[in-house]
Amino acid sequence: MRKLENIISIKQRLKRFLQLFHQTDIEELQKSNKKAVLEIEFYEINDYFIDENHGSILDQNNFFFILSQAEEEINKDRSVRNWISIKIVNINHNAKLRELDTDHIGNFISTTAMVKNITPIQARIKRAIYECRGCMRLHEIQIPEGSAIITPSLCVECGGKSFRLLSDESEFIDCRFAKLEEPLELRQAGITREFKAYMDSYLASPNHVIKPGDVCEVSGIFDVVKNEKTKDWEFLFKLHNIKPQNSAYEEINLSESDIKEIEELAYNHDIFKLFVNSLAPNVYGYEEIKEGIVLQLFEGDRPKDDVFKSENVDRWIIHILLIGDPGIGKSKLVKEVSLVAPKGINVSGTGSTQAGLTASAVKDELTGSYAMEAGAFVLADSGILTIDEFDKLNSKVQKSLNEPLEQLTVSTAKAGLVQTMSARTSLLAAANPKFSKWDKYESIHKQLDIPDSTLSRFDLIYIMEDKIDEDNDRELSTKILQENYSLDNNLDVLEVDLLKKYITYAKSECHPVLTPEAEKAISDFYVETRKAALSNDDSKPITLRELLVVKRLSIARAKVELREYVELRDALEAIRIYKYSLNSLGLDPTIAGELQNVKSDREIEVIKKAESLIKENQGLFGFNLNDDIVDDIKSELKVLCNGRDDVVDDVYDEAFKNITNNG
């Protein structure tokens with residue numbers, strides 16, 4: 001009896017609370033003729049219950065059962081088509097996803113989770129109307145959640161046993177299943193667990209958008225359900241609410257003391273050098289490359305309200321490719337960066353597939369329907385994805401990354417599902433040259449198994465050569481043998497936790513604007529470089545794509561110091577870092593277009609000459625030219641190619657391909 005009295009008491013207090021504080025909101029929602037949600041702040045309703053000397057609402061075991069009854073009350077004479085749901089938001093977390101077990105069954109849980117996949121919207125019958133085939137009498141049956149459809153066994157009017165379901169008069173509600181796991185930034189040693197979740201009504205409607213990869217505030221009853229296929233009992237999260245976070249960085253909790261420490265640290269005039277020293281200190285050297293990676297971690301100017309990259313917003317993400325000889329620390333550097341980033345995933349190109357990197361369609365065990373499951377690019381949304389052995393991915397997989405690299409989305413159409421997912425992810429990739437050893441005298445395109453279209457999307461490309469230097473080799477070998485890997489024991493470095501917090505704060509709170517001086521410096525660099533390229537027939541000038549690279553780097557450099565404006569020194573630093581990247585490839589800005597496989601005026605002229613010679617000989621001797629004629633053509637081209645046989649062969653092959661493709 002006491003338990004029943006307690007339920008009635010809670011119901012009365014809840015009804016009084018809604019009348020006192022939300023009656024106007026309810027009336028406004030009732031005027032609409034569509035599904036809606038009444039959101040109530042946790043602190044607001046919790047304070048009311050505490051004022052009534054009844055403790056926190058989370059201590060009331062029947063509260064969410066009673067909340068559903070309150071929904072029934074405010075939805076009198078309303079159908080499921082225009083149902084008003086009541087949701088409590090911003091509930092204090094009381095558990096971590098990885099800690100949930102049988103001890104939590106039946107408890108109300110509030111936590112943070114990432115959506116790994118989610119099924120399409122399905123229909124669940126809530127109130128079934130059956131018609132007796134004998135006397136046409138109607139029978140109404142309420143179908144409890146999770147129950148199979150219940151059919152009347154006997155007609156009370158005529159005793160008949162044959163019925164048919166009237167679907168147009170029955171009530172159905174939307175429902176969906178999702179798979180939840182712990183967000184990357186909260187995982188310990190990269191370990192996570194998956195939990196199935198069930199949502200219905202407003203949460204499953206098209207008005208409430210949830211996508212794979214979303215990091216969400218989640219609350220609901222932790223329960224178990226029997227898998228009829230395997231006969232095993234499985235955990236199931238019955239969701240009261242699931243709401244995407246406004247920021248991908250909310251879970252890196254910053255206290256007032258953290259913010260104060262970060263802001264004081266920003267005044268350090270050597271803060272950029274400090275970040276470079278703190279980035280992978282166990283990887284010897286490569287300071288210039290680490291400078292570029294630090295700017296990648298801070299990225300360009302992220303829109304404050306971005307969801308997807310729109311046509312009017314430039315890409316703010318910075319992508320970097322490391323190319324180097326084996327055994328010089330590429331893999332270690334790449335992995336260290338994924339650990340320093342507030343949100344990072346590290347994968348190997350050797351075992352990665354297109355589905356694993358972008359998205360895949362998987363069959364849900366509970367419903368039998370297909371759901372889209374996010375790959376690494378989507379899961380690392382708003383963070384960084386590091387891929388070692390990038391060259392080991394086949395060309396088809398590499399080309400599939402072009403969309404997330406530039407558009408910051410992953411669009412898929414698989415198993416009848418068409419979906420676009422957010423992938424605002426920086427890529428740090430490491431690759432080996434095709435013949436293991438980098439040849440600075442050979443074209444970059446001949447030494448990499450990476451398509452031109454993919455290569456052109458990297459903002460910075462660095463060559464990491466294994467240079468023989470006796471003094472440097474001796475110092476490095478001594479340090480490694482003594483297990484003393486850092487470049488200098490006296491260097492100041494930041495703790496990883498502080499690094500993560502600083503980057504998080506800068507990315508979410510700092511939005512520097514270009515000053516006229518910085519803008520002029522970047523513009524002058526672009527104009528003067530193209531002007532210098534104009535005077536050389538062998539030039540391959542930079543394009544607007546490179547201009548935007550320098551802009552992103554300049555903004556990132558200002559964010560390192562938490563400044564409101566991008567100053568002249570930031571622009572000059574960005575230009576220096578960009579030039580170093582080109583120089584490591586043996587290029588300078590006047591021929592940077594080579595990275596996009598742009599042909600110089602002289603190369604175009606030589607290829608056209610080759611096409612003319614081939615067509616002329618084909619007119620005389622037929623399409624298939626014998627070796628002697630081909631050798632004669634190449635001998636004539638050799639003069640135009642400065643006597644380089646390898647260039648002659650490339651020119652002939654490209655000219656022949658052009659003729660073949662053009663019929």
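Definitions and cut-offs
Residues numbered from 1 in each chain as written. Predicted model: local features only at pLDDT ≥ 70, side-chain atom pairs only at ≥ 80, totals over all residues. Heavy atoms only, no water. Core = buried A, V, L, I, M, F, W, Y, C linked by side-chain atoms within 4.5 Å. Buried < 20%, exposed > 50% of the residue type's maximum accessible area, 1.4 Å probe, protein only. Helix = DSSP H or I, 4+ residues; strand = E, 2+ residues; numbered from the N terminus. Contact = heavy atoms within 4.5 Å. Salt bridge = Lys/Arg side-chain N within 4 Å of Asp/Glu carboxyl O. Axes fitted to C-alpha atoms, helices over the stretch in contact; angles between N-to-C directions. Parallel < 35°, antiparallel > 145°, perpendicular 65-115°, else oblique. Left-handed = near helix turned anticlockwise from the far one by under 90°. Nonpolar A, V, L, I, M, F, W, Y, C, P; charged D, E, K, R; others polar. Pairing = 2+ DSSP bridges. Phe/Tyr/Trp six-rings, centres within 6.5 Å; stacked < 30°, edge-to-face > 60°.

Undergrad: What should I look at first to understand the nonpolar core in this one?
TA: As a rule of thumb, soluble globular proteins bury nonpolar side chains together. Within the largest apolar cluster, 98 residues are counted, with the highest numbers of intra-cluster contacts made by Phe275, Leu321, Leu322 and Phe390. Looking at this core element by element, the count peaks at seven residues for helix α18 (residues 544-560). For Phe390, the contacting residues outside a window of four places in its chain are Gln398, Leu401, Leu427, Ala429, Ala430, Ala431, Ile450, Thr454 and Phe458. Of all hydrophobic cores here, the second largest spans 23 residues; its members include Ile45, Phe63, Phe64 and Phe108.

Undergrad: Any chance you could explain the pattern of salt bridges here in plain terms?
TA: Two side chains bearing opposite charge may form a pair once their charged atoms approach each other closely. In this structure the tally under the stated criterion is 31 salt bridges. A salt bridge links Glu194 to Lys116; its shortest N-O distance comes to 2.5 Å. One end of the pair, Glu194, is in strand β8 (residues 194-200); the other, Lys116, is in strand β3 (residues 108-118), and 78 residues separate them in sequence. You can call Glu194 partly exposed: its relative accessible area is 40%. Looking at Lys116, the relative accessible area reads 15%, which means it is buried. Because the salt bridges share partners, they merge into one network encompassing Glu291, Arg557, Glu561, Arg563, Glu567, Arg569, Asp570, Glu573 and Arg576.

Undergrad: Is there a simple way to explain the packing of helix α17 (residues 516-534) against helix α19 (residues 568-584) in this structure?
TA: Close contact between α17 and α19 brings their axes to 7 Å; oriented N to C, the two are set at 30°. In this view, α17 runs roughly parallel relative to α19, as classed from their interaxial angle. At the point where α17 passes α19, the crossing takes the right-handed sense. Residue-level contacts link Glu517, Ala518, Ala521, Ile522 and Phe525 of α17 to Leu568, Ala571, Ile575, Tyr578 and Lys579 of α19. Taken together, the residues that form the contact of α17 with α19 break down as eight nonpolar, no polar and two charged.

Undergrad: Please explain the sheet that holds strand β15 (residues 384-388) as it appears in this structure.
TA: Two orientations exist for strands paired in a sheet by backbone hydrogen bonds: parallel and antiparallel. Taking strand neighbours across the sheet as the criterion, the five strands line up as β12-β15-β18-β11-β19 in an open arrangement whose pairing is parallel. Strands with a single pairing partner mark the edges of an open sheet, and in this sheet they are β12 (344-348) and β19 (460-464). For this sheet, the mean angle separating the axes of adjacent strands, direction not counted, is 15°. As paired strands, β12 and β15 are joined by five bridges and run parallel to one another. Each bridged residue has a counterpart across the sheet, and for Ser348 the counterpart in β15 is Asp388.

Undergrad: Would you mind showing me how to read the packing of aromatic side chains here?
TA: In this description, a pair of aromatic rings is defined by centroid distance and the angle of the planes. According to the stated counting rule, one finds 13 aromatic pairs in the structure shown. Consider the rings of Phe17 and Phe21, whose centres lie 5.2 Å apart with planes at 45°: the pair is tilted. Of the two residues, Phe17 and Phe21 are both situated in helix α1 (residues 2-21); the distance of four residues between them amounts to about one turn of the helix. Classification of Phe21 by relative accessible area gives partly exposed; the value is 45%. With a centroid separation of 5.0 Å and 25° between ring planes, the pair formed by Phe222 and Phe235 is classed as stacked.

Undergrad: Where do I start with the environment of Ile84 in this structure?
TA: Note that Ile84 resides in strand β2 (residues 84-89). A relative accessible area of 1% means that Ile84 is categorised as buried. For the pair formed by Ile84 and Gln30, sequence separation is 54 residues and the distance between their alpha carbons is 7.7 Å. Ile84 has contacts with Ile26, Leu29, Gln30, Ala36, Leu38, Glu71, Ile74, Asn75 and Arg78, leaving out every residue within four places of it along the chain.

Undergrad: How should the pairing of strand β4 (residues 122-132) be read in this particular structure?
TA: Every other side chain in a regular strand lies on the same face of the sheet, so the side chains alternate between the two faces. In terms of burial, β4 is a largely internal element, eight of the 11 residues being buried. The sheet contact formed by β4 and strand β7 (residues 171-181) spans five bridges and is antiparallel. Each residue of the ladder has a partner; that of Gln122, found in β7, is Cys175. Relative to strand β5 (residues 138-142), β4 runs antiparallel, the two being bridged by five bridges. In the sheet register, Glu131 faces β5, and the bridge partner there is Leu138. Counted between consecutive antiparallel strands, the loop separating β4 from β5 contains five residues, among which Met136 sits at a positive phi close to 70°. By the bridge criterion, three bridges tie β4 to strand β6 (residues 163-165) in an arrangement that is antiparallel. Bridge pairing links Glu131 to Arg164 in β6.

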